[in-house]
Amino acid sequence: MGRGKIEIKKIENSTNRQVTYSKRRNGIIKKAQELSVLCDAEVSLIMFSSTGRCTSFISPTISLKEFYDRYQQAAGTDLWQSQYQEMYNNLKKLKEINSKLRREIRIRVGEDDLEELDFDELNRLEQHLENSSKIVRQRKFSQIATHTETTRKKVRSQEQIHTTLMQDNFQYEQIEKQYALANHQGISSLELATDGAGGPHIFAFRLHPGQHNNHGDEADYDFHQLRLA
């Protein structure tokens, strides 16, 4: 039995439509390949499915650019003219915007003569300058505040270091005084009280044997002859 004739109309069922497209797409690509080989023809084929997927074929003997260049020559048309015109119009607009911006910059820095500006342009220029000046002042004050705070932190840190050094120096002076007193009085032990967080410290001192002090019986010693017990 021969195949029945299929009515050519859109397939409403999306699944059946996709299956039919896949089968016929493969068939037409196969035909294009056969035509290119059997007849030495240059064939180009581009297809888009309903989902936007692109499928293409080009004869291996020619590039896509060469193919469309030959098509434009044969058809007497320019496929890219509309694109070139659109790009040219966009470039023209950008040049106009650039020219206006450059003119505004020259006016703001005083390179252009203000005599050419009308009253409204002068008002806009004045407003722009005031806004720019406000932004500059805010940024300057922000940097000053940041620098001031950083300097204050450094000063506080140096003050703390200075206070610690003064306390250490005071403790060392007290210890030296106690050493000198111990050497003068000939005591063998001495308790030194400190005002630090560590509480009082006990220092025991011994006299070197065989040494005599100025009183005759006790050993005589100086600051360097004291040893911790």
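Bear in mind the structure is a predicted one, so any value in this text is a computation, not a measurement.

Asks: Even after reading the chapter, I still don't get the layout of surface pockets, so can you show me in this structure?
Replies: Empty space among the atoms becomes apparent when a probe as large as a water molecule is rolled across them. Approximately 280 Å³ is the volume found for the largest pocket. Along the walls of the largest pocket sit 11 residues, with I6, K9, I11, T20 and R24 positioned nearest its centre. Considered class by class, the residues forming the lining of the largest pocket number 4 nonpolar, 1 polar and 6 charged. In this structure, the second largest pocket occupies an estimated 220 Å³ of space. What lines the second largest pocket is simply K100, R103, E104, I107, R108, L117, E121, R124, L125 and H128. Counting residues per element, the ones that place at least two in the lining of the second largest pocket are α3 (81-108) and α4 (119-185). If you tally residues by element for the lining of the second largest pocket, the top one is α3, at 5 residues. Of the residues in the lining of the second largest pocket, the class split is 3 nonpolar, 1 polar and 6 charged.

Asks: Would you take a moment to explain unusual backbone geometry for this structure?
Replies: The bulk of non-glycine residues show a negative phi, and the bulk of peptide bonds are trans. The backbone of D40 sits at a positive phi, close to 55 degrees, despite the residue not being glycine. Residue placement: D40 occurs in the loop between α1 (14-38) and β1 (44-48). Judged by its relative accessible area of 66%, D40 is exposed.

Asks: Any chance you could explain a nonpolar patch on the surface here in plain terms?
Replies: Residues Y71, L79, W80, Y84 and M87 make up a contiguous nonpolar surface patch of roughly 550 Å² in combined accessible area. Mapped onto the secondary structure, Y84 falls in helix α3.

Rules of the game
- Residues numbered from 1 in each chain as written.
- Predicted model: local features only at pLDDT ≥ 70, side-chain atom pairs only at ≥ 80, totals over all residues.
- Heavy atoms only, no water.
- 1 Å grid on protein atoms, 1.4 Å probe; cavity = no way out; pocket = protein on both sides within 12 Å on 5 of 7 lines; lining within 4 Å.
- Points joined across faces, edges and corners; volume = space filled by probe spheres on them.
- Nonpolar A, V, L, I, M, F, W, Y, C, P; charged D, E, K, R; others polar.
- Helix = DSSP H or I, 4+ residues; strand = E, 2+ residues; numbered from the N terminus.
- Buried < 20%, exposed > 50% of the residue type's maximum accessible area, 1.4 Å probe, protein only.
- Patch = residues over 30% accessible without salt bridge, like charges linked within 9 Å, V, L, I, M, F, W, Y side chains within 5 Å.
- Areas by Shrake-Rupley, 256 points an atom, 1.4 Å probe, with all protein chains shown as cover.
- Salt bridge = Lys/Arg side-chain N within 4 Å of Asp/Glu carboxyl O.

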